[in-house]
Amino acid sequence: MVYLFARPVGEAITVSFTAMCTMIFIHFMLTRSQEKSAVSEAVNRLEERIAVIDDDVGNLEGRLTGVEHNIPRRTREEIDPLFAEVEVIGSLVKQMAEAMADMETRIEDQGIAIEDQRTKQAMLQPQPAQRLASPQATVAKEPSVDLASQAAAAFASAARKPMASPQETFAETRAPEMKRPAAPRMHHPNAALAEEIRASIEAGRVDLYLQPIVTLPQRRVRYYEALTRLRKANGDTLEPIEFLQEADRTGQMPAIDNILLFRSLQILKRLATRNREAGLFCNLSPSTLMDENFFPGFLEFVRANDTYSDLLIFEFSQADVAVMSAIEYESLAALAELGFRFSVDRITDLRMDFRALADRGFRFAKLHASRLLLHEDDLAKSNIHPADFGSLLQRYGIELIVDHVESESAVLELLEMDVRCAQGFLFSPPRPVRADVLQGAPNPRPLKREAS
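For clarity, every value in this text was computed on a predicted model and none was experimentally measured.

Q: Explain the overall build of the protein here, please?
A: Looking only at helices and strands, one finds 18 helices and ten strands in the protein. Burial analysis of the protein (452 residues in total) assigns 34% to the buried set. Sequence-distant contacts in the protein: of pairs separated by 6 or more residues, those separated by 24 or more amount to 68%. Carbon together with sulfur atoms contributes 57% to the accessible area of the protein, which is approximately 28,000 Å² in total.

Shown next as structure tokens:
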């Protein structure tokens, strides 16, 4: 401006500064206007979103109101038929009770009619005979009344008693044979004990007991062991130590194992609904594996239930495993192919080839607590120290379970030995399984027929 318009330097500087301030002000106003419009647009969008949310909240309130009004109505609509069915069932039960009462009345009337008829027949006898033999007539008259009353009572009891199954009928006909004296614990043949075992099996008096196997130190139930008890006709219980040898000698162990297997699967199905990790140890006899008439049916049954192969463990004693032949090993291989695992218990010899057992599917080993804790000299003198037995088994993939644990001091010692599973009366004694869980237990005979 100094050169173009010939203005002084001071005026040129003033005009230039004024123009610059004007441009800055205009730029500021334009920028502020743009920001204001952006904020205005954001507020408008927010208001639209709030309006949409208000509509959704209104719809939700309407739905909740509808639910509040509809749920009681629907509940009544669903419960009313149930009440009607309950009333129908109640009326049917009442009718059945009335019919049973009517039947009992008829039976009693029939008994009274029989008694009256016998009395009339006795009265129609010749009078002289009655005078000549009045004592004998009196004696003869009394049994007739007793027989009539007994017949009426028999009819009444037969009407009230439910129809027995063929198995129960057979057991009742054999009742005199079941009442034998208690069999002593002897190794030689005992015919009375064998008869008691047979009668208990045929009458279905094979009870199942469960004893938990817990983890240490949590004491959480991880497995159960299924144990069998036989009930004699007089209600006494036969422990396994009393009947196992005689049942094995007389060939009745497959029938007992059949009942034990079926009921064990019933228990597993019940446990599977509560805790999939709870397995079940099921004791088997070597004679079951060797029975060519029984084992094929046994194998077919477990094949049909192989979904529980990871929960069902078949258990054998070390003495039985040590004398197993090729036949038993073939049966074990057939079970192992289905995914079943095995356990060896009542261990007395730590020098057994446990690697070979692991190759045959044995995944568990049970050792008595007193033997592991060096309370028995014969085990303490073996080549393997009992404290190292658990780590030895672990190399072969076998888990050690210490049984017969009966004191807290023993638990402390087991924890020091890094034992993780234990069993014994300290945690729980064997307890009988409720009857409702074991409903539908089979007779062992049909399985033999299928196998044959």
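Q: Just to check I follow, could you spell out the packing of aromatic side chains for this structure?
A: For any pair of aromatic rings, the description consists of the separation of the ring centres together with the inter-plane angle of the planes. With the rule as written, the count across this model stands at twelve aromatic pairs. On the basis of an interplanar angle of 55° and a centroid distance of 5.5 Å, the ring pair of Phe342 and Phe362 is categorised as tilted. Of this pair, Phe342 sits in strand E6 (residues 341-345) while Phe362 sits in strand E7 (residues 362-368), placing them 20 residues apart in sequence. Taking the relative accessible area as the measure of exposure, Phe342 reaches 0% and is therefore buried. Assessed through its relative accessible area of 0%, Phe362 is described here as buried. The interplanar angle of 70° and the centroid separation of 5.3 Å between the aromatic rings of Phe354 and Phe389 together place this pair among those described as edge-to-face. One end of the pair, Phe354, is in helix H13 (residues 354-359); the other, Phe389, is in helix H16 (residues 389-395), with 35 residues separating them in the sequence. Take Phe389: its relative accessible area is 0%, and that puts it in the buried class.

Q: Even after reading the chapter, I still don't get the nonpolar core, so can you show me in this structure?
A: Burial of nonpolar side chains together is a common tendency in soluble globular proteins. Phe314, Phe316 and Leu335 are the most contacted members of the largest nonpolar core, which has 62 residues in total. Counting residues per element, this core draws most heavily on helix H8 (residues 253-272), at seven residues. Discounting residues that sit within four places of it in the chain, Phe316 has contacts with Leu284, Leu289, Val321, Met324, Leu332, Phe342, Ser343, Val344, Asp345 and Phe362. One finds Leu230, Phe243, Ala247 and Ile259 within the second-largest nonpolar core, a separate group that totals twelve residues.

Q: I keep staring at the pattern of salt bridges and nothing clicks. Help me out?
A: Close approach of charged atoms lets side chains of opposite charge pair. By the definition in use, this model includes 13 salt bridges. Between Glu202 and Arg198 there is a salt bridge, with the nearest N and O atoms lying 2.5 Å from each other. One end of the pair, Glu202, and the other, Arg198, are both in helix H6 (residues 191-202), four residues apart, so they sit about a helical turn from each other. Each member of the pair Glu202 and Arg198 is classed as buried. Two residues, Asp418 and Arg420, come together in a salt bridge whose shortest N-O distance is 2.6 Å. On the basis of relative accessibility, which here comes to 47%, the residue Asp418 falls in the partly exposed class. Here the residues in one salt-bridge network are Glu195, Arg198 and Glu202, joined through shared partners.

Q: Teacher, can you tell me more about helix H12 (residues 326-337) here?
A: Owing to its 3.6 residues per turn, the α-helix aligns residues three or four sequence positions apart on the same side. Taking 1.5 Å as the rise per residue, H12 with twelve residues should run 16 Å; its terminal C-alpha atoms sit 16 Å apart, in good agreement. Three or more residues of H12 are buried, namely Glu328, Ser331, Leu332, Ala334 and Leu335. Mapping the buried residues of H12 onto a view down its axis gives an arc of 155°, with all of them on the same face. Exposed and facing more than 90 degrees away from the buried side of H12 are Ala326, Glu330 and Glu337. As for H12, its buried residues are in contact with helix H9 (286-290), helix H10 (295-304), strand E5 (312-317), E6 and E7. Trailing H12 by a residue or two, Gly339 shows a phi angle of about 100°, which is positive.

Calculation rules
In this convention, every chain numbers its residues from 1, walking through the sequence in written order. It should be noted that, the model being predicted, local features are given only for residues of pLDDT at least 70 and side-chain atom pairs only at 80 or more, the latter also being counted only at that level, while totals for whole chains, interfaces and linings use all residues. In computing side-chain values, all of the structure's heavy atoms are included and hydrogens and water are not. Runs of E in the DSSP output that reach at least two residues are strands. Runs of H or I that reach at least four are helices, and both are numbered from the N terminus. Accessible area is worked out with a 1.4 Å probe on protein chains only. A residue is then buried under 20% of its type maximum, exposed over 50%, and partly exposed in between. Between two residues, a contact is recorded if the distance between any of their heavy atoms is within 4.5 Å. We get accessible surface area from the Shrake-Rupley algorithm with a probe of 1.4 Å; when it comes to residues, only the shown protein chains can shield them. Here the aromatic set is Phe, Tyr and Trp, taking the six-membered ring for Trp, and pairing holds for ring centres within 6.5 Å; pairs whose planes are under 30 degrees apart are stacked, those over 60 apart are edge-to-face, and all others are tilted. Note on terminology: a nonpolar core comprises buried Ala, Val, Leu, Ile, Met, Phe, Trp, Tyr and Cys residues joined through side-chain atoms within 4.5 Å. We define a salt bridge as a contact between a side-chain nitrogen of Lys or Arg and a carboxyl oxygen of Asp or Glu at a distance within 4 Å. Expected helix span is given by 1.5 Å per residue-to-residue step, counting one fewer step than there are residues. Throughout, the arc means that of the directions going from the helix axis to the C-beta atoms.

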